Amino acid sequence: MHRSVSPWLLAAALGVAAYGLVGIGQFGIGHFGIGSATAQQRNGITDITLAAQTCNVCHGSASYISPTMPAIHGHDANTLYAALTEFKTDKRPYTIMGRIARGYSDEQLRALADYLAKN
Amino acid sequence: MTTYSRRHILAAGAASAAVFGLPHIAKAQAAGRVVVIGGGFGGATAARYIKLFSPNTEVTLIERDPSYITCPFSNYVLGGIRKLDDITQRRDPLQQRYGIKILRGEASAVDTNAKRVRLKDGGQVNYDRLVVAPGIELKYAGVPGWSEQAANTVMPHAWKAGQQTLLLRKQLESMADGGTVIVAPPANPFRCPPGPYERVSMIAWYLKTHKPKSKILVLDAKDAFSKQGLFVSGWESQYPGMITWIAGKDGGKIESVDPKDMTVTAGFGKEKGAVINIIPPQSAGKIAIDAGLAEANGWCAVEPTSFASKKAKDVYVLGDASIAGAMPKSGTAANSQAKVVAANVVSSLRGTTPPAAVFHNTCYSLVTPEYGISVTGTYRAGPQGVAEVPNAGGVSPMQANAAQRKLEAEHTAGWYAGIIADTFG
């Protein structure tokens, strides 16, 4: 997937999240825990934004592409979600992703897939 | 693939803030001055993510050493499959790409009331929020007969990578075929729980390929260790007859060492080693203790939701120095905790609700260069501290074919490249 316009610049242009701007994750969507998601969305770093950063340690970020680990940023959200749930249920046997995906509810995996598709 | 670069992101963040500003109360608070003590996996990740979350925040990283020689992969220098250069990392991108100010020096004192860090060279830095990530201090006195001098000459620890790694490697290269290498891991808690056993594997790899008549004796203070089933099974299949592990309950715990005779005395008796590697007991890095952030046990208690210190306001302690509940003292754990700390630091400066903490750990170990095993865990803040999410995580399967072990060995290298990029940019 190629984008001609950086979503960050777009965010700036549209004034998205003008209050409490963050360098990453102003597109954080959905709620990850219970409670303050709305306030977070308006003011700061969302649960899903923080959770999604844990993936970077192996998979790299949008600006660093790992030579070894599969890239996870910028894919179609449904494809990502399908992969995560297949890992979780061992329908797609691999190495550590099943063990990691089982740490999250389906709703959380859905939110992660949506976030990673857009960031 | 997305095509924008990190430079664009920073530019966008700065531009947005300039255009829209940060309204009223948040305006002064949102920026803030953050000081980070320690530029390892924990401290450097925290500095970088604070800047990613909040480009306007002023971040100063205090670091003693010019470059970072990573403990992860230092066992591969011992095994001869990596050079020290391969595991020597530069912090320059933090300064050049993210605008983090790197202050070369050693933090010598923290005044948590005046919110000020003093440096050994006499300088001082004020902070609004302080992140303390000093790693570990080795307790030389914890092993009777051993000393820093013994470690620097004949009985290395190699538990902080660098000259110590090279010394241990040199000793392995110098020993005659048929000698015994003694490795003595400490009791819990300590840095990198699977590390001693990966080290045993990598020393075994070197001996198998260069000095096959030699033996390894593991004298352990513990009765069990990380990924034990996988390691023992790997040792039996890859290095049959070479490695003997003695549990603490069977007399494995070392009572004293004699650096002159190159002997160790454990519960079961005295043993001579051609090479002796003492991995001593540890505590939080000295500055954390001097700053009054540590408990009587030598480690720093923190709030599991934020890694805020339980001892001082506006101070966060993360990584090996912290008491992190179910999380091990690992590079990945420190990297993960650092993101939670960064989010909490930025949220507290802005006065917004911090996101819910979620933590991740993965530790890969190599049994041979093509035989990798792993342990992973997902963690959340619970009433008793950081707790592992049940029915998730765990270790590689006991039964796996060579292709699966090889894939995990490839992922070991992928993990390393990833964490370096995620930590230093």
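Procedures and definitions
Residues numbered from 1 in each chain as written. Chains lettered and ligands numbered in written order. Predicted model: local features only at pLDDT ≥ 70, side-chain atom pairs only at ≥ 80, totals over all residues. Heavy atoms only, no water. Pairing = 2+ DSSP bridges. Helix = DSSP H or I, 4+ residues; strand = E, 2+ residues; numbered from the N terminus. Axes fitted to C-alpha atoms, helices over the stretch in contact; angles between N-to-C directions. Salt bridge = Lys/Arg side-chain N within 4 Å of Asp/Glu carboxyl O. Buried < 20%, exposed > 50% of the residue type's maximum accessible area, 1.4 Å probe, protein only. Left-handed = near helix turned anticlockwise from the far one by under 90°. Contact = heavy atoms within 4.5 Å. Nonpolar A, V, L, I, M, F, W, Y, C, P; charged D, E, K, R; others polar. Phe/Tyr/Trp six-rings, centres within 6.5 Å; stacked < 30°, edge-to-face > 60°. Polar contact = N/O pair within 3.5 Å; in protein donor to acceptor, adjacent residues only side chain to side chain.

(A) Representation of the sheet that holds strand E13 (residues 243-246) of chain B. Residues and elements named next belong to chain B. With parallel pairing, 4 strands are arranged side by side in an open sheet as E13-E12-E11-E17. At either margin of the open sheet sits one strand with a lone partner, and together these are E13 and strand E17 (275-278). Pairwise comparison of adjacent strand axes, ignoring direction, gives a mean angle of 15 degrees for this sheet. As paired elements, strand E11 (residues 180-184) and strand E12 (residues 215-219) share 4 bridges and run parallel to each other. For Ile182, the partnering residue across the bridge sits in E12 and is Leu217.

(B) Representation of the pattern of salt bridges within the structure. Residue and element names in this part refer to chain B. Summed over the entire model, instances satisfying the criterion amount to 22 salt bridges over all chains. Linking Arg64 and Glu106 is a salt bridge whose minimum nitrogen-to-oxygen distance equals 3.7 Å. Remark: Glu106 occurs in the loop between strand E5 (101-104) and strand E6 (107-111) and Arg64 occurs in the loop between strand E2 (58-63) and strand E3 (68-69); sequence separation between them is 42 residues. Here Arg90 and Asp92 are joined by a salt bridge, their closest N and O atoms 3.2 Å apart. On the basis of relative accessibility, which here comes to 57%, the residue Arg90 falls in the exposed class. Each member of the salt-bridge network shares a partner with another, and the members are Arg64, Asp65, Glu106 and Lys120.

(C) Fine view of the packing of helix H7 (residues 163-174) of chain B against helix H8 (residues 195-210) of chain B. All names here are of chain B. Between H7 and H8, whose axes approach to 11 Å, the crossing angle comes to 35 degrees. In terms of crossing hand, the pair formed by H7 and H8 is right-handed. Between H7 and H8, the residues in contact are Leu168, Arg169, Leu172 and Glu173 and Arg199, Ile203 and Tyr206, respectively. Here the residues of the contact of H7 with H8 sort into 4 nonpolar, no polar and 3 charged.

(D) Region of the structure containing the packing of aromatic side chains. All names here are of chain B. All told, the structure shown has 16 aromatic pairs over all chains when counted by the stated rule. Measuring from centroid to centroid gives 6.1 Å for Tyr49 and Phe53, while their planes differ by 55 degrees, and the two rings are tilted. Here Tyr49 pairs with Phe53, and both are found in helix H3 (residues 41-53), just 4 residues apart, close to one helical turn. For Tyr49, a relative accessible area of 1% gives the class buried. In this structure Phe53 comes out as buried when scored by relative accessible area, which is 0%.

(E) Examining the side chain of Ser306 of chain B more closely. All names here are of chain B. Along the chain, the position of Ser306 falls in the loop between strand E19 (300-301) and strand E20 (315-317). A distance of 3.1 Å separates a polar side-chain atom of Ser306 from the backbone nitrogen of Ala308. Excluding its chain neighbours within four sequence positions, the residues that come into contact with Ser306 are Tyr316, Val340, Val341 and Asn344.

(F) Representation of the environment of Gly267 of chain B. Residues and elements named next belong to chain B. Of note, Gly267 is situated in the loop between strand E15 (263-266) and strand E16 (269-272). Linking Gly267 and Ala221, residues 46 residues apart in sequence, is a C-alpha distance of 10.0 Å. In this view, Gly267 contacts Gly251, Lys253 and Glu255; residues no more than four positions away in its chain are not counted.

(G) Expanded view of unusual backbone geometry. All names here are of chain B. With an omega of -5 degrees, the peptide bond between Asn188 and Pro189 qualifies as cis. As for its position among the elements, Pro189 is in the loop between E11 and H8. Non-glycine residue Phe73 carries a positive phi angle of around 80 degrees. Structurally, the position occupied by Phe73 is in the loop between E3 and helix H4 (74-79). Positive phi is not limited to glycine here, since Phe307 has a value of about 60 degrees. Examined against the element boundaries, Phe307 turns out to sit in the loop between E19 and E20. For Phe307, a relative accessible area of 0% corresponds to the buried category.

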